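Working through the structure, step by step
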Amino acid sequence: MTTDDTRPAPHYWYSAETDRERAIDVLEHIRAYGAADSAMQRRSEKTMRMNENDISALRYLLRASERGMTVGPRELADYLGIQSSSITVLLDRLEKAGHIRREPSPFDRRALIIVPTVPTDELHKAILGDVREELVEVASKLTPEDADTVVEFMDRLRDAVDRIDNAAADHEQRKARSSE
């Protein structure tokens, strides 16, 4: 009896190299999707004459509004990770374009809340919606088991990226402290 080492073994017997190649292939496909998603986002920004922060802010405000929550400038700045001076410029731009209104807070007369205007144009609704219907259609074709697998995988991948980011930030802080 001879063994042909050139043929791949059954799935559960794959070599570490084959597992690595498969993992890299998956990650390359995720990157390609990310690039396509970013390109779609840039096209949306151009169509709406808004930048990424503008669109992120409006999505956040619309979701909060749908949940019956109010949002103030500080909370929005924290969400976007920008300074208070930048949030003022962003809100001025969104208000001038008719996307938001600033109103007195019902809880604190000295404070303001940001109220999104509801988009009426179908394109704007699609862009500002949480998920594009075309993407929902593709994802709806997954079996429940496959959907669970994808969600679990993406959650673990996001957690790994967060750990990498946190480790890099910790390294930079240690490096800055050691140079003082």
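Look up a bit, the structure's there.
Residues numbered from 1 in each chain as written. Predicted model: local features only at pLDDT ≥ 70, side-chain atom pairs only at ≥ 80, totals over all residues. Heavy atoms only, no water.

Overview of the packing of aromatic side chains
Any two aromatic rings considered together are summarised by their centre-to-centre distance and by the angle between their planes. The criterion, for reference: The pairing test for Phe, Tyr and Trp rings, Trp by its six-membered ring, is centres within 6.5 Å, and the orientation test on the planes gives stacked under 30 degrees, edge-to-face over 60, and tilted for anything in between. Each helix is a run of H or I in the DSSP string that is no shorter than four residues. Each strand is a run of E no shorter than two, and both are numbered from the N terminus. Partly exposed describes any residue whose relative accessible area lies between the buried limit of under 20% and the exposed limit of over 50%, with all areas from a 1.4 Å probe on protein chains only and scaled to the type maximum.
Enumeration according to the criterion identifies one aromatic pair in this entry. Residues Tyr60 and Tyr79 carry aromatic rings whose centres are separated by 4.0 Å and whose planes lie at 20 degrees to one another, so their mutual orientation is stacked. Pair noted here: Tyr60 is in helix α2 (residues 52–66) and Tyr79 is in helix α3 (residues 73–80), with a separation of 19 residues, a long-range link. Judged by its relative accessible area of 17%, Tyr60 falls in the buried class. Classification of Tyr79 as partly exposed rests on a relative accessible area of 42%.

Re the pairing of strand β2 (residues 112–116)
The test is simple: Two strands form a pair only when DSSP identifies at least two bridges running between them.
Counted residue by residue, β2 has four buried out of five residues, so it is predominantly covered. Pairing between strand β1 (residues 100–104) and β2: five bridges, direction antiparallel. Residue Glu103 lies in a different strand from β2, and its bridge partner there is Ile113.

Describing the nonpolar core
Basically, it comes down to this: Nonpolar core, defined: a set of buried Ala, Val, Leu, Ile, Met, Phe, Trp, Tyr and Cys residues in which side-chain atoms within 4.5 Å join the residues together.
Counting residues in hydrophobic clusters, the biggest one holds 18 residues, and the most contacted among them are Leu76, Ile87, Leu90, Leu91, Leu94 and Ile100. Sorting elements by how many residues they give to this core places α2 first, with six residues.

Examining a nonpolar patch on the surface
Keep this limit in mind: Like-charged residues within 9 Å of one another, or nonpolar side chains (Val, Leu, Ile, Met, Phe, Trp, Tyr) within 5 Å, are grouped into patches, provided each residue has over 30% relative accessible area and no salt bridge. Residue burial considers only the protein chains on display, and all accessible areas are found by Shrake-Rupley using a 1.4 Å probe. By convention in these notes, a salt bridge is any Lys or Arg side-chain nitrogen within 4 Å of a carboxyl oxygen on Asp or Glu.
Taken together, the side chains of Leu142, Val150 and Met154 define a hydrophobic patch exposed on the protein surface, amounting to about 230 Å² of accessible area. Considering the arrangement of structural elements, one finds Leu142 in the loop between α6 (133–139) and α7 (144–178). The exposure class assigned to Leu142 is partly exposed, which follows from its relative accessible area of 37%.

Quick look at the side chain of His99
Our working definition: Here a residue-residue contact requires only that any non-hydrogen atoms of the pair lie within 4.5 Å.
With respect to the helices, strands and loops of the structure, His99 is situated in the loop between α4 (84–96) and β1. Not counting residues within four places of it along the chain, the set of residues in contact with His99 comprises Met50, Leu58, Leu94, Val115, Pro116 and Thr117.

A few points about the pattern of salt bridges
Two side chains with opposite charge may pair up if their charged atoms get near one another. A complete count under the given rule lists nine salt bridges for this structure. Notably, a salt bridge pairs Arg102 with Asp92, separated by 2.3 Å at the nearest N-O pair. Of the two residues, Arg102 sits in strand β1 while Asp92 sits in helix α4, which places them 10 residues apart along the sequence. The closest approach of N and O atoms between Arg101 and Glu103, which form a salt bridge, is 2.9 Å. Taking the relative accessible area as the measure of exposure, Glu103 reaches 27% and is therefore partly exposed. Connected via shared salt-bridge partners are Asp92, Glu95 and Arg102.

Here we look at the side chain of Asp54
Its place among the elements puts Asp54 in helix α2. Aside from chain neighbours lying at most four places away, what touches Asp54 is Leu90, Arg93 and Leu94.

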